[in-house]
Amino acid sequence: MEGAGYRVVFEKGGVYLHTSAKKYQDPDSLIAGVIRVVEKDNDVLLHWAPVEEAGDSTQIIFSKKDSSGGDSCTSEEEPTFDPGYEPDWAVISTVRPQPRHSEPTRGAEGGSSRGSWAFSVSLGELKSIRRSKPGLSWAYLVLVTQAGGSLPALHFHRGGTRALLRVLSRYLLLASSPQDSRLYLVFPHDSSALSNSFYHLQLFDQDSSNVVSRFLQDPYSTTFSSFSRVTNFFRGALQPHPEGASPDLPPPPDDEPEPGFEVISCVELGPRPAVERTPPVTEEEWARHVGPEGRLQQVSELKSRIFSGGLSPGLRREAWKFLLGYLSWEGSAEEHKAHVRRKTDEYFRMKLQWKSVSPEQERRNSLLHGYRSLIERDVSRTDRTNKFYEGPENPGLGLLNDILLTYCMYHFDLGYVQGMSDLLSPILYVIQNEVDAFWCFCGFMELVQGNFEESQETMKRQLGQLLLLLRVLDPPLCDFLDSQDSGSLCFCFRWLLIWFKREFPFLDVLRLWEVLWTGLPGPNLHLLVACAILDMERDALMLSGFGSNEILKHINELTMKLSVEDVLTRAEALYRQLTACPELPHNVQEVLGLAPPAEPHSPSPPASPLPLSPTRAPLASPPPADTAPQPDSSLEILPEEEEDGADS
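Every chain is numbered on its own, with residues counted from 1 as its sequence reads. For a predicted model such as this one, the threshold for reporting local features is a pLDDT of at least 70, and the threshold for listing and counting side-chain atom pairs is 80 or more; totals across whole chains, interfaces and linings nevertheless cover every residue. With hydrogens and water excluded, all non-hydrogen atoms of the structure serve as input to the side-chain values.

(A) Region of interest: the overall build of the protein. What counts as a helix is a DSSP run of H or I of at least four residues, what counts as a strand is a run of E of at least two, and both are numbered from the N terminus. The helix and strand tally for the protein stands at 24 helices and 9 strands. Relative accessibility thresholds used throughout: buried, under 20% of the residue-type maximum; exposed, over 50%; partly exposed, between the two (1.4 Å probe, protein chains only). Looking at the protein as a whole, 55% of its 648 residues qualify as buried. Counted over contacts in the protein with a minimum sequence separation of 6, partners at least 24 positions apart contribute 73%. For the protein, the accessible area works out to roughly 28,400 Å², and carbon and sulfur atoms hold 51% of it. Residues are treated as being in contact if the distance between any of their heavy atoms lies within 4.5 Å. Computed with a 1.4 Å probe, the accessible areas rest on the Shrake-Rupley method; for each residue, only the protein chains presented here act as cover.

(B) Region of the structure containing the nonpolar core. For the purposes of this section, nonpolar cores are sets of buried Ala, Val, Leu, Ile, Met, Phe, Trp, Tyr and Cys residues that join through side-chain atoms within 4.5 Å. Of all hydrophobic cores here, the largest spans 115 residues; its most connected members are Met420, Ile427, Phe452 and Val529. When residues of this core are assigned to their parent elements, the largest contribution, 10 residues, is made by helix α15 (residues 434–448).

(C) Spotlight on helix α17 (residues 475–483). Where burial is concerned, most of α17 is hidden: 7 out of the 9 residues are buried. Those residues of α17 not exposed but buried are Leu477, Cys478, Asp479, Phe480, Leu481, Asp482 and Ser483.

(D) Spatial organisation of the pairing of strand β6 (residues 139–145). Where burial is concerned, most of β6 is hidden: 7 out of the 7 residues are buried. On β6, burial covers both faces: Ala139, Leu141, Leu143 and Thr145 on one face and Tyr140, Val142 and Val144 on the other are all buried. In this scheme, strands are said to pair when DSSP sees at least two bridges between them. Summarising the sheet, strand β5 (residues 126–131) and β6 pair through 5 bridges and their orientation is antiparallel. Within the sheet, the bridge partner assigned to Ile129 lies in β6 and is Leu143. In terms of strand pairing, β6 meets strand β7 (residues 154–156) through 3 bridges, oriented antiparallel. Looking across to β7, one finds that Leu141 is bridged to Leu154.

(E) Structural context of the packing of helix α13 (residues 395–410) against α15. At a minimum axis distance of 10 Å, the contact between α13 and α15 shows a crossing angle of 55°. Comparing their axes, α15 and α13 come out oblique. In terms of crossing hand, the pair formed by α13 and α15 is right-handed. Of α15, the residues touching α13 (which contributes Leu399, Asp402, Ile403, Leu404, Thr406, Tyr407 and Tyr410) are Glu434, Ala437, Phe438, Trp439, Phe441, Cys442, Met445 and Glu446. Across the contact of α13 with α15, the residue classes tally to 11 nonpolar, 1 polar and 3 charged. Between N-to-C directions, angles span 0 to 180 degrees; the directions come from axes that are lines fitted to C-alpha atoms, helices contributing only their stretch in contact. Relative orientations are named as follows: roughly parallel for angles under 35 degrees, roughly antiparallel for angles over 145 degrees, roughly perpendicular for angles from 65 to 115 degrees, and oblique for any other angle. Two helices that cross are described as forming a left-handed crossing if the nearer one is turned anticlockwise from the farther one by less than a right angle, and a right-handed crossing if clockwise. Three classes are used, and their members are as follows: Ala, Val, Leu, Ile, Met, Phe, Trp, Tyr, Cys and Pro are nonpolar, Asp, Glu, Lys and Arg are charged, and the others, Gly among them, are polar.

(F) Representation of the pattern of salt bridges in the model. In what follows, salt bridge is the name for a side-chain nitrogen of Lys or Arg lying within 4 Å of a carboxyl oxygen of Asp or Glu. Scanning all chains against the criterion turns up 32 salt bridges. Measuring nitrogen to oxygen at the nearest pair gives 3.2 Å for the salt bridge that ties Glu293 to Arg295. On the basis of relative accessible area, Glu293 is assigned to the exposed category, the value being 57%. Look at Arg295 and you get partly exposed, because its relative accessible area is 30%. Between Lys501 and Asp422 there is a salt bridge whose closest N-O contact spans 3.4 Å.

(G) Structural detail: helix α19 (residues 506–517). What a helix is expected to span follows from its residue count: subtract one and scale by 1.5 Å. The terminal C-alpha atoms of α19, which comprises 12 residues, lie 17 Å apart, in line with the 16 Å expected from a rise of 1.5 Å per residue. For α19, the buried fraction is high: 10 of the 12 residues fall into the buried class. Here α19 has its buried residues at Phe506, Val509, Leu510, Arg511, Leu512, Trp513, Glu514, Val515, Leu516 and Trp517. After α19 finishes, the residue Gly519 shows a positive phi value of roughly 75°.

(H) Just the environment of Pro134, in detail. Structurally, Pro134 is set in the loop between β5 and β6. Sequence separation of Pro134 and Arg182 is 48 residues, and the distance between their C-alpha atoms is 9.7 Å.

(I) Layout of the confidence of the model for the protein. Known as pLDDT, the predictor's per-residue confidence is scaled from 0 to 100. Chain-level pLDDT for the protein is 76 on average; 67% of the residues reach the 70-or-more range. Note that pLDDT drops below 50 for residues 53–112; the model gives that stretch 159 contacts with residues more than four away or on any other chain. Counting contacts from residues 600–618, a segment whose pLDDT is below 50, to residues more than four positions away or on other chains yields 41 contacts.

(J) Seen up close, the side chain of His554. Considering the arrangement of structural elements, one finds His554 in helix α22 (residues 548–556). Think of a polar contact as two N or O atoms within 3.5 Å of one another; within protein, one of them needs to be a possible hydrogen donor and the other a possible acceptor, and neighboring residues in sequence only count if both atoms come from side chains. In terms of polar contacts, His554 uses its side chain to reach the side chain of Glu537, at 2.8 Å. Ignoring any residue separated from it by four or fewer positions in sequence, one finds His554 in contact with Glu537, Ala540, Leu541 and Phe546.

Here is the structure:
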């Protein structure tokens with residue numbers, strides 16, 4: 001049926017949303033609706049609306065005939081049933097998704113509370129589709145968008161999932177996972193499907209040799225294990241169909257599977273080992289490692305001790321200069337003195353660059369003026385309860401301001417972004433010297449500067465890696481978070497951005513950072529710290545019936561209530577538990593530093609980082625969903641099942 005600028009190519013009634021996870025639904029928890037596929041202008045939309053928004057035949061022009069036998073659902077549909085499914089996939093979150101404007105329902109009124117569930121999504125925005133397990137009273141589909149969010153699960157009380165998939169296959173390529181027949185990856189249905197799909201994942205660049213290594217880093221591709229597997233999988237998905245064969249449906253699950261996904265749910269972890277932390281390294285112990293000419297000896301052993309026990313407060317001022325790369329572990333005392341003299345001269349030359357700018361010049365330099373204004377504002381509220389920074393005329397505030405402005409001269413591309421003052425404050429507190437604190441801060445920023453780039457690709461990658469680790473360590477927790485629209489772990493954004501600076505008491509942050517700076521036992525211990533916190537809170541999250549808002553509230557309320565020693569002990573135990581697994585997936589090994597990442601055939605120079613604008617405040621919100629894929633909540637891998645019994 002055609003209308004003004006659009007044509008309905010599929011319509012199916014009896015498609016419900018379920019708003020309760022209870023075994024028996026009450027009538028108010030079922031929202032009956034109609035699903036349609038609509039060609040509009042140059043786009044194809046998947047549209048669902050409840051029956052009260054569907055309108056009558058005088059308001060909308062959709063055909064009441066449906067070749068698949070569907071029609072508009074009525075309220076007489078059976079209100080109770082035995083679900084028999086995983087509620088995390090099939091039940092709407094307690095936080096209602098923001099409805100999109102529904103173009104086809106021209107006569108819909110906005111006053112209905114149920115009508116607010118209506119949504120339309122372009123087929124080009126879909127990323128994956130998951131079918132329900134078999135044996136249910138009726139089948140359902142879960143659609144995941146490129147932004148990483150799940151649309152409300154669609155329950156087909158009168159069948160029709162296969163008919164809908166056939167229609168979608170006219171416009172999309174649905175590539176079935178060989179290891180999970182219920183998960184379909186969605187690609188554009190044309191000859192450039194692979195490259196377009198990489199583009200939509202924001203992974204494709206001009207150097208095609210980088211595609212696989214970058215694909216392995218993306219959260220959505222965490223189930224791929226090697227280049228050969230990726231190649232084989234997509235070769236099979238993209239090859240032309242034999243003449244006469246129907247391209248409408250993915251191959252049935254009983255077809256000979258092709259090697260493809262590495263299913264991380266198959267990993268069986270052994271028992272978690274007991275870990276005991278040791279006392280901090282004392283000044284006397286450090287002195288025993290100082291050899292002739294002031295060179296440190298047995299550095300590996302010293303780092304290991306710092307990792308397992310931290311540093312005593314009196315030792316931090318010296319040891320942090322080594323941990324942050326300001327002083328060389330191999331240098332002599334005289335070499336260190338010469339190095340400090342050079343770095344002091346370099347620092348004051350950079351500081352003079354902004355100090356010599358007159359107010360008149362600054363009025364014509366909007367970037368410098370923006371940095372200065374933002375730094376002054378942030379410094380005025382950074383750790384003001386700490387005695388080192390309290391009071392209106394505290395000299396520590398002036399040092400924070402000067403160091404951060406000088407860093408803008410040191411790193412023109414990055415400049416200053418909100419959150420950097422949080423990273424500098426503990427360093428200046430410990431070092432208590434402007435020049436030394438600056439260069440130690442630069443060393444810290446070498447580790448985390450990607451967190452502050454405007455693209456936020458580094459943050460997205462870390463969230464994906466965190467999700468990967470958590471998926472191996474605790475699949476039920478991941479499934480629960482998925483069910484509450486929290487599977488992207490965006491509530492961990494601030495944790496990773498400023499390395500838990502606002503989650504622990506100030507002195508505990510000093511201990512945490514010096515342990516992380518050792519680089520032991522691998523490059524991403526901060527991700528295991530996040531896993532440890534979630535592991536400690538799993539029962540509170542899962543047994544309290546929390547929804548998305550409650551989860552976020554609970555995580556925020558952990559601030560200043562965590563024990564850094566308990567968290568570090570658990571993080572190390574998690575690391576040992578993972579590394580003891582003989583069948584640990586390769587991509588997990590990469591995150592833990594146990595295996596080298598896939599390298600491109602020909603190296604390309606890294607692009608200059610794009611800084612956040614001075615006025616942007618990343619602490620206030622997680623990465624925007626429309627800029628890149630979030631860790632995909634569809635990749636919970638479930639056991640193989642038979643085909644849906646209730647589907648048609």
